[in-house]
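Geometric and topological summary
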Amino acid sequence: MTIFKALAVAGSDTSGGAGLQADLKTFQELGVYGMTAITVIVTQNPHNNWSHDIYPLPLEVLEAQMETVLGGIGVDALKTGMLATTEVISLVAKKLDQYAVKNVVIDPVMACKGTDEVLHPETTVGIREILAPRATIITPNVFEATQLSGIGSIRSLEDMKAAAAEIYKLGPKNVLIKGGAKLDTADAVDVLYDGKEFTVLQSPKINTTYTHGAGCTYGSAITAGLAKGLSVPAAVKQAKEFITAAIKASFPLNSFVGPTYHAAHRLNK
């Protein structure tokens, strides 16, 4: 039996819906052995409107985790999530180069769910200049795409294409802009660009606010596909179907938040 392996370098979401918890659930559902290197621990305060608190881990702890996996085991694909500082970004880039990691999925997490405020503005520069050129695919949502592309407002499919073309100039092999339900379109629309062609992926919009971890899940589904040898377009198509099912079956976790349901793709067939 062939074991496909993937590493998530990401934050730990204590509530379990996003971050490396979402990554591991997705890897498992798609037949990939998941491993983690924790960058930060994110907690949510039930006594203060579910406000997020972020606790970074020391740089040497992150490096030790990455060395465990990359130096001691090896991976078929690697995905990044929340990288809170330029020092962390530089460390991740160093490890990608040191171990010649293939199939690198950069999810440029810039804000916690429900906010449009960059957690650490300097990391946007680090993602643009350090990580984007090393990416097999970079997967910004609409807000993140505005930050990376310099296009101040993305409101249409044509805007998404223009932003994808600008982000491609930063050096990634592929760009996926996740429009989801944010745009004024009939369907949930995403755009994949490989430097030559635009591929538009569409699915029916799902009327729900329970989308915690959707971006992480989408990115980790792409990572799983690449780890198993799928092409980028095939991995993205599979991931689009996976996240659509997960959002359709999403549920309230408490009065503040509701996550996607990672098992939906197999349980609801």
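Located above this text is the structure these notes cover.
Summary of the structure given here. (Residues numbered from 1 in each chain as written. Predicted model: local features only at pLDDT ≥ 70, side-chain atom pairs only at ≥ 80, totals over all residues. Heavy atoms only, no water.)

Description of the nonpolar core
Membership of the largest hydrophobic core comes to 41 residues, with the highest contact counts inside it found for Leu-7, Val-9, Val-92, Leu-131, Ile-138, Ile-167 and Ile-177. If you tally residues by element for this core, the top one is helix α3 (residues 86–98), at 6 residues. In contact with Ile-177, not counting residues within four places along its chain, are Pro-140, Ala-145, Met-160, Ala-163, Ala-164, Ile-167, Asp-190 and Val-191. Counting 26 residues, the second-largest nonpolar core is a separate cluster that includes Ala-6, Leu-30, Tyr-218 and Phe-242. (Core = buried A, V, L, I, M, F, W, Y, C linked by side-chain atoms within 4.5 Å. Buried < 20%, exposed > 50% of the residue type's maximum accessible area, 1.4 Å probe, protein only. Helix = DSSP H or I, 4+ residues; strand = E, 2+ residues; numbered from the N terminus. Contact = heavy atoms within 4.5 Å.)

So, the packing of helix α1 (residues 19–29) against helix α7 (residues 214–227)
Two numbers describe how α1 lies on α7: the axes approach to 8 Å, and their chain directions differ by 40°. Judged by the angle between their axes, α1 and α7 are oblique. The crossing of α1 and α7 is right-handed. Where α1 abuts α7, its residues Gly-19, Ala-22, Asp-23, Thr-26 and Phe-27 lie against Cys-216, Thr-217, Ser-220, Ala-221, Thr-223 and Ala-224. Looking at the contact of α1 with α7 residue by residue, the class counts come to 5 nonpolar, 5 polar and 1 charged. (Axes fitted to C-alpha atoms, helices over the stretch in contact; angles between N-to-C directions. Parallel < 35°, antiparallel > 145°, perpendicular 65-115°, else oblique. Left-handed = near helix turned anticlockwise from the far one by under 90°. Nonpolar A, V, L, I, M, F, W, Y, C, P; charged D, E, K, R; others polar.)

Section: the environment of Val-189
Relative to the helices and strands, Val-189 resides in strand β8 (residues 187–193). Take Val-189: its relative accessible area is 6%, and that puts it in the buried class. Measuring from C-alpha to C-alpha, the distance between Val-189 and Leu-157 comes to 7.8 Å, with 32 residues separating the pair along the chain. Dropping the residues within four chain positions of it, Val-189 is found in contact with Leu-157, Met-160, Lys-178, Gly-179, Gly-180, Val-200, Leu-201 and Gln-202.

Points about unusual backbone geometry
Phi is positive for Trp-50, close to 65°, though the residue is something other than glycine. Turning to its location among the elements, Trp-50 is positioned in the loop between β2 (33–45) and β3 (51–56). Residue Trp-50 is classed as buried on the basis of its relative accessible area, which comes to 16%. The backbone phi angle of Asn-103 is positive, close to 60°, even though this residue is not glycine. By the element assignment, Asn-103 lies in the loop between α3 and β5 (104–106). Relative accessible area serves as the criterion here: at 23%, Asn-103 is assigned to the partly exposed category.

That is the geometry; function is a separate question.
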